[in-house]
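# Survey of secondary and tertiary structure
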Amino acid sequence: MLILGIETSCDETGIALYDSERGLRAHALHSQIEMHQEYGGVVPELASRDHVRRVLPLIRQVMRTAGARLEEIDAVAYTQGPGLAGALLVGTSVANALGFALGIPALGIHHLEGHLLSPLLASNPPQFPFVALLVSGGHTQLMRVAAVGQYELLGETVDDAAGEAFDKTANLLGLGYPGGPALAQLAGQGRAGRYKLPRPMLEQMHRTGNLDFSFSGLKTAVLLLVRKEAPDAAGKSDVAASFQEAIVDVLTAKSMYALEQTGLTQLVVAGGVGANRRLRERLDRAAAERGCRVFYPEYEFCTDNGAMIALAGALRLGAGLVGAKLAVGASLLANASATPDYAFSVKPRWDLSTMA
Ligand code: KG4
Ligand code: ZN
C-alpha cells in the first residue's frame, strides 16, 4: 500500500511517500527557519503562507524521486493537529482535495503519534510494548505504548516543554532561533559542573513516583544566574552546559523510572530534543546499566517531517483502526477522522491519550 504523508503543523513542510511493504520510498522537507529567524520565533501567518507555496512542488518532487504516479497512491495521511491552526489547514485541505480527486481516503494523523512511531522507520525498530519519551518544542510526555493507537500517559510537563526550555534559555543567552541546537552546541564547550541548577520534580518522583515534569523554574534559575553573574563568552558556555545537564538529568531519571514502573525494557525517544547528543549519551548509559535499550529515530526524522506522518497512516490502516467507510474509494478503510464527503477540520489542541 502506498501512503502519501503531509506535515504542515508548524514551520516545516514535510512530504513523504511510504510503501507498507517496501518502506520509505522518498521524502522531502522545506524548513522555514531562515524566514522566521529575524522575528526570533515562528510567525504563524508567514508559516501558513509558506506552506501554501511549498506543499504542491514538494509533493511533485517526492513523486518524481519515488518514480510513482499520484494515481498509484492508496491513501493520504496528513497532520490534523496539534499545531498552528492556519498551518494545519494547508496540509489538511491539500490532503482532502487529493483524496477527493483520487477517490482515496484522507487520514487525519496526530502529530505526536507521528513522532512516537518515528523510530519504527529505522532498520532495527523496537517491538511493542515500549515506553516513549516525547520531547519536542511543544510537548514533554512519557507514554506507555502498547500498540498503534494505544497510548497511556505516564507523565507530562506541567508548564514549559523541554524544547521550549531549551529555546527560551538560548534566547536568554543571546542565541538565535531555534535555540535548542545552538544551546546544545555551546554546552559542548562548557563545564556542566560550574553552576548548580535545580532538577525540578526529581525529589518528588523519588518520594511519590510522580512522572510529571516542570521546566519553567529551571529557566527562571538561569535568568537569575545570568543577571547575577553577567557571564562572558566562556561563562555562557558553562551556563549552557549546566542547564543542559539539569534537563538531561531529569529526562534520564524519569525515563528510567518509567521503565521500572511499567516493567518494560525498551525506551523510544522522539521529538526534536531527541536529537540532543548529551541526552542520547546519558539515556544509553543509564538504560544499558539496567539491561534496557533505547531507540531513536534517524537524526533527520527527529524533528518534524512527512515520513513519520505517512508511516503513522500506514500503521493505522494496517492495524484496522477503522471509522467511517468512505463512499469513494470504498475498497480501503478510513480512520475515524476521515469523512465520506471529505469535509475537514483541524485540531490545534489534541490530547494524544484520548485517541484510539
Ligand atoms: O519536534 P520538533 O521538531 O517540533 C515540535 O513539534 O515542537 O522539536 C523542535 C524542538 C525545538 O524546541 C528545538 O529547539 C529542539 O526541538 N531541539 C533541540 C535540539 N534539536 C532540536 N533541543 C536540544 N538539543 C538539540 N540538539
Ligand atoms: Zn514535532
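Reference entry: report on the structure contained in this document. The residue numbers shown here count from 1 along each chain, following its written sequence. Written order determines the labels here, with chains lettered from A and ligands numbered from 1. Side-chain atom pairs in this predicted model are given and counted only at pLDDT of 80 or more, local residue features only at pLDDT of at least 70, and totals for whole chains, interfaces and linings cover all residues. Note that water and hydrogens are dropped before the side-chain values are worked out from all heavy atoms of the structure.

## Quick notes on the overall build of the protein
From N to C terminus, the protein includes 11 helices and 10 strands. Note that the radius of gyration is over C-alpha atoms, with the globule rule given as 2.2 Å times the number of residues to the power 0.38. For a compact globule of 356 residues, the expected C-alpha radius of gyration is about 21 Å, and the protein comes in at 21 Å, within 12% of that figure. Each of the three principal axes of the protein carries a C-alpha extent, and together these read 65 × 45 × 30 Å. Counting every position in the protein, which comprises 356 residues, the buried fraction comes to 54%. Long-range pairs, those at least 24 residues apart, make up 71% of the contacts in the protein between residues at least 6 apart in sequence. Of the accessible surface of the protein, which amounts to about 14,600 Å², a share of 51% is contributed by carbon and sulfur atoms. Each helix corresponds to a stretch of at least 4 residues labelled H or I by DSSP, and each strand to a stretch of at least 2 residues labelled E; elements are numbered beginning at the N terminus. Summary of the burial criterion: residues with accessible area below 20% of their type's maximum are buried, those above 50% are exposed, and those between are partly exposed, where the area comes from a 1.4 Å probe applied to protein chains only. Any two residues whose heavy atoms approach within 4.5 Å are treated as being in contact. Methods summary: accessible areas were calculated by the Shrake-Rupley approach with a probe of 1.4 Å, and residue burial reflects only the protein chains presented.

## Structural notes on the site of ligand 1
If a single non-hydrogen atom of a residue is within 4 Å of a molecule or strand, that residue counts as near it. Neighbouring residues of ligand 1: 18 residues in total, closest Gly 137, Asp 167, Gly 180, Gly 272 and Asn 276. The definition of a polar contact used here is a pair of N or O atoms within 3.5 Å, where within protein one atom must be able to donate a hydrogen and the other to accept one, and adjacent residues in sequence count solely through side-chain atom pairs. Between ligand 1 and Gly 138, the relevant distance is 3.4 Å, taken from an oxygen atom to a main-chain nitrogen or oxygen of the residue. Here ligand 1 loses 86% of its free accessible area of 550 Å² to cover by the protein chains. Broken down by secondary-structure element, the contributors of at least two residues to the shell around ligand 1 are α4 (111-117), α5 (162-172) and α6 (179-187). Basically, the charged four are Asp, Glu, Lys and Arg, the nonpolar ten are Ala, Val, Leu, Ile, Met, Phe, Trp, Tyr, Cys and Pro, and anything else, Gly included, counts as polar. Considering only residue class, the shell around ligand 1 consists of 5 nonpolar, 11 polar and 2 charged.

## A short note on the coordination of the zinc ion (ligand 2)
The zinc ion (ligand 2) binds to the protein through His 111 (NE2), His 115 (NE2) and Asp 304 (OD); the donor distances cover 2.0 to 2.2 Å. Coordinating donors are taken to be N, O and S atoms lying within 2.8 Å of the metal, or within 3.2 Å when the metal is Na, K or Ca; because water is excluded from the atom set, some sites may appear incomplete. In short, tetrahedral needs four donors with all angles between 85 and 135 degrees, square planar needs four and octahedral six donors with opposite donors over 155 degrees apart and all other angles between 65 and 115, and whatever is left is irregular. Given 4 donor atoms and angles of 93 to 143 degrees at the metal, the environment of the zinc ion (ligand 2) is assigned as irregular. Here the donor residues of the zinc ion (ligand 2) are spaced in sequence according to H-x3-H-x188-D. A residue pair is termed a helical-turn pair when its members lie 3 or 4 positions apart in one helix, as His 111 and His 115 do in helix α4 at 4 residues. Across the pair, His 115 and His 111 agree in class, each one buried.

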